[in-house]
Amino acid sequence: MYKINENYLKLPGSYLFSTIGKKVAAYTAEHPEKQIIRLGIGDVTQPLAPAILEAMHKAVDEMGAAGTFRGYAPDLGYEFLRNAIAECDYQQRGADIQADEIFVSDGAKCDSGNIQEIFSLDNRIAVCDPVYPVYVDTNAMAGRAGNYDPETEMWSNVIYMPCLAENGFVPELPKKTPDLIYLCFPNNPTGSAVTKDQLQVWVDYARRAGAVIIYDAAYEAYISEENVPHTIYECAGARTCAIELKSFSKNAGFTGVRLGYTVVPKELKCGETALHSLWARRHGTKYNGAPYIVQRAGEAVYSEAGRIQLKEQVDYYMRNARTIREGLKDAGYTVSGGVNAPYIWLKTPGQMTAWEFFDHLLEEAGVVGTPGSGFGPGGEGYFRLTAFGSYENTVAALERIRKI
Ligand SMILES: *Cc1c(COP(=O)(O)O)cnc(C)c1O
């Protein structure tokens, strides 16, 4: 008689986006004349850049000719892409990462969920609160998170590291010692970033504690400040204690195309065992990794034309971010983020809960955002707005918000 993985039953319902959908539908039914503006989506809206399309078209044609057809991709990903990544994302930044330490994949969500499988169930994880929910959810499904308490909205075996206004939305070192530390900077949802000095403190701590940092750099392309590191490997010693996750989704519009990678340095070892050798056995090798056509599209991200076109897209979103940030400040809101990330994090006014503010914004302005409490208990009393909409809609939304 088969049994199910009962850890799945412990997961609380993910009501966030379905509740938002229901509330918006109800509002639209009541006010059919009102046009809703969505600043809640965590998805890009700009189409693929011409340099990327061109590379994909060319790769499609190659797949149709006997001489250039390709079957299963190599385990780590094609060398042309790994070389471009190693050079442009690491070596040009003074970070010592080699092409054979890069594992190409179909996106950072899968990798951030699967990476926990190479670690024992005995490990204790630490996460920022609030944060992208995938890290906790996947550890809970594996049975590493303990039990969920609906009262506190916390898992019994997870170390939560509060990211609040008092600490600039950057966590302090935890009091209990974790084994796996998930860090995401620039952060989703708070939009906060760490300086190189702040991140060095974490690297030093992990080495002392014998912990591994799993560093999610999905929003690296949005960094605008000089002292914010683009990769954790800018920090001394990170090669022996950190794994880095990266995505082509938010910088190049690949949310539907699917491409990402994970860096596991060869020096990262548990006793004698290199984690590199474990991740080499991950599922997804050959069969579920990124297709040739997509890896060629990824290569074009690093071409001269690609870089120019994608910088324009990032600049476009960041103009939206500035519009939201400055507009909200003028209207008297307490805001952060939006400088090194496409997310603006605002304190809900007058002790409103995150959901009360959601209703308020929808009712009074017809603007949809995301309640901070959907990203962990530390997000209560906060609200996320994203810069991924059109500029026209962003300006219109801010005009409406200023009037309430
Ligand atoms: C969007 C996002 C990802 C997911 O990236 P994909 O490559 O599309 O799977 C990973 N981490 C964070 C923090 C994100 O916000």
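The model shown is predicted, which means the values in this text are computed figures rather than measured ones.

**Examining the overall build of the chain**
Here comes step 1: Counting its secondary structure elements, the chain contains 12 helices and 17 strands.
Here comes step 2: Computed over C-alpha atoms, the radius of gyration of the chain comes to 21 Å, within 12% of the 22 Å expected from 2.2 N^0.38 for 404 residues, which places it in the range of a compact globule.
Here comes step 3: Across the 404 residues that make up the chain, the buried fraction comes to 54%.
Here comes step 4: Residue pairs in contact within the chain that sit at least 24 positions apart in sequence constitute 73% of those at least 6 positions apart.
Here comes step 5: Total accessible area on the chain is roughly 18,200 Å²; 51% of this is exposed by carbon and sulfur atoms.
Here comes step 6: Positive and negative side-chain charges of the chain, numbering 39 and 49 respectively, have mean locations separated by a distance of 2 Å.

**A word on the packing of aromatic side chains**
Here comes step 1: Here the structure, examined in full by the defined rule, presents 24 aromatic pairs.
Here comes step 2: Taking the centre distance of 5.1 Å and the plane angle of 85° together, the rings of Tyr 317 and Phe 388 count as edge-to-face. With a gap of 71 residues between them, Tyr 317 in helix H10 (residues 304–330) and Phe 388 in the loop between strand S17 (382–386) and helix H12 (391–403) connect regions that are remote in the sequence.
Here comes step 3: A residue is classified by how much of its surface remains accessible, and Phe 388, at 0% relative accessible area, is buried.

**Topic: the packing of H10 against H12**
Here comes step 1: For the pair H10 and H12, interaxial distance at closest approach is 10 Å and the crossing angle is 5°. Taken together, the axes of H10 and H12 lie roughly parallel to each other. Between H10 and H12, the contacting residues are Tyr 316, Arg 319, Asn 320, Thr 323, Ile 324, Gly 327, Leu 328 and Asp 330 on the first element and Tyr 391, Glu 392, Thr 394, Val 395, Leu 398, Ile 401 and Arg 402 on the second.
Here comes step 2: The residue makeup of the contact of H10 with H12, split by class, is 7 nonpolar, 4 polar and 4 charged.

**Structural notes on the state of the cysteines**
Here comes step 1: The tally for this structure, following the rule as stated, stands at 0 disulfides.
Here comes step 2: Here Cys 110 is not cross-linked by a disulfide; its sulfur's nearest cysteine counterpart is in Cys 184, at 16 Å.
Here comes step 3: Residue Cys 110 is classed as partly exposed on the basis of its relative accessible area, which comes to 30%.
Here comes step 4: Cys 184 takes part in no disulfide bond, and the closest cysteine sulfur, belonging to Cys 128, lies 7.5 Å away.
Here comes step 5: Overall, Cys 184 belongs to the buried group, its relative accessible area being 2%.

**Side note on the sheet that holds strand S13 (residues 335–337)**
Two pairing modes exist for strands in a sheet, parallel and antiparallel, and in both the strands are linked by backbone hydrogen bonds.
Here comes step 1: The 4 strands lie next to each other as S13-S14-S17-S16, forming an open sheet whose pairing is antiparallel. Either end of the sheet is taken by a strand with one partner, and the two such strands are S13 and strand S16 (370–371).
Here comes step 2: Judged from the 5 bridges that link them, strand S14 (residues 343–347) and S17 form a sheet pairing that is antiparallel. Looking at the pairing, Tyr 343 lines up with Thr 386 of S17.
Here comes step 3: Against the sheet, helix H11 (residues 354–365) engages S14, S16 and S17, with an angle of about 45° to S17.

**Focus on the packing of helix H1 (residues 16–30) against H11**
Axis angle and axis distance: for two packed helices, these are the angle between their axes and the distance between the axes, and together they describe the pair.
Here comes step 1: Viewed as axis vectors pointing N to C, H1 and H11 meet at an angle of 30°, and their least axial separation amounts to 11 Å. One element, H1, and the other, H11, form an angle in the roughly parallel class. By crossing handedness, the relation of H1 to H11 is classed as right-handed. For the pair H1 and H11, the contacting residues are Leu 16, Thr 19, Ile 20, Lys 23, Val 24 and Tyr 27 in the first and Trp 355, Phe 358, Asp 359, Leu 362 and Glu 363 in the second.
Here comes step 2: Here the residues of the contact of H1 with H11 are counted per class, giving 7 nonpolar, 1 polar and 3 charged.

**Topic: the site of the ligand**
Here comes step 1: Lining the immediate surroundings of the ligand are 14 residues, of which Asp 216, Tyr 219, Ser 247, Ser 249 and Lys 250 lie closest.
Here comes step 2: At a separation of 3.3 Å, an oxygen atom of the ligand approaches a polar side-chain atom of Lys 250.
Here comes step 3: When isolated, the ligand has an accessible area of 390 Å², and the protein chains bury 93% of it.
Here comes step 4: Those elements that provide at least two residues to the shell around the ligand are helix H4 (108–114) and helix H7 (249–252).
Here comes step 5: Its residues assigned to classes, the shell around the ligand shows 6 nonpolar, 4 polar and 4 charged.

**Topic: the domain arrangement of the chain**
Here comes step 1: The assigned domain composition of the chain is domain 1 (6–47 + 305–403) and domain 2 (53–303).
Here comes step 2: The C-alpha centroid of domain 2 is placed 25 Å from the C-alpha centroid of domain 1.
Here comes step 3: Domain 1 puts 36 residues into the contact, and the matching count from domain 2 is 45 residues.
Here comes step 4: Of the roughly 3,100 Å² buried between domain 1 and domain 2 on both sides combined, carbon and sulfur atoms contribute 60%.
Here comes step 5: The largest per-residue losses of area from domain 1 upon contact with domain 2 belong to Arg 307, Asn 340 and Phe 375, which jointly make up 21% of the total buried on that side.
Here comes step 6: The interface formed by domain 1 and domain 2 contains 0 salt bridges.
Here comes step 7: Among the secondary structure elements, those contributing two or more residues to the side of domain 1 that touches domain 2 are H10, S13, S14 and S17.
Here comes step 8: A total of 8 residues in the side of domain 1 that touches domain 2 trace back to one element, the largest contributor, which is H10.

**Brief notes about a nonpolar patch on the surface**
Here comes step 1: Judged by side-chain polarity, Met 1, Tyr 2, Ile 4 and Leu 9 come together as a nonpolar surface patch covering roughly 610 Å² of accessible area.
Here comes step 2: By the element assignment, Ile 4 lies in the segment before H1.

The rules behind these values
Residues numbered from 1 in each chain as written. Predicted model: local features only at pLDDT ≥ 70, side-chain atom pairs only at ≥ 80, totals over all residues. Heavy atoms only, no water. Helix = DSSP H or I, 4+ residues; strand = E, 2+ residues; numbered from the N terminus. Rg over C-alpha atoms; globule rule 2.2 N^0.38 Å. Buried < 20%, exposed > 50% of the residue type's maximum accessible area, 1.4 Å probe, protein only. Contact = heavy atoms within 4.5 Å. Areas by Shrake-Rupley, 256 points an atom, 1.4 Å probe, with all protein chains shown as cover. Lys, Arg positive; Asp, Glu negative; His and termini not counted. Charge placed at Lys NZ, Arg CZ, Asp CG, Glu CD. Phe/Tyr/Trp six-rings, centres within 6.5 Å; stacked < 30°, edge-to-face > 60°. Axes fitted to C-alpha atoms, helices over the stretch in contact; angles between N-to-C directions. Parallel < 35°, antiparallel > 145°, perpendicular 65-115°, else oblique. Nonpolar A, V, L, I, M, F, W, Y, C, P; charged D, E, K, R; others polar. Disulfide = S-S within 2.5 Å. Pairing = 2+ DSSP bridges. Left-handed = near helix turned anticlockwise from the far one by under 90°. Near = heavy atom within 4 Å. Polar contact = N/O pair within 3.5 Å; in protein donor to acceptor, adjacent residues only side chain to side chain. Domains from an automatic or database assignment. Buried area = accessible area lost by both parts, 1.4 Å probe. Salt bridge = Lys/Arg side-chain N within 4 Å of Asp/Glu carboxyl O. Patch = residues over 30% accessible without salt bridge, like charges linked within 9 Å, V, L, I, M, F, W, Y side chains within 5 Å.

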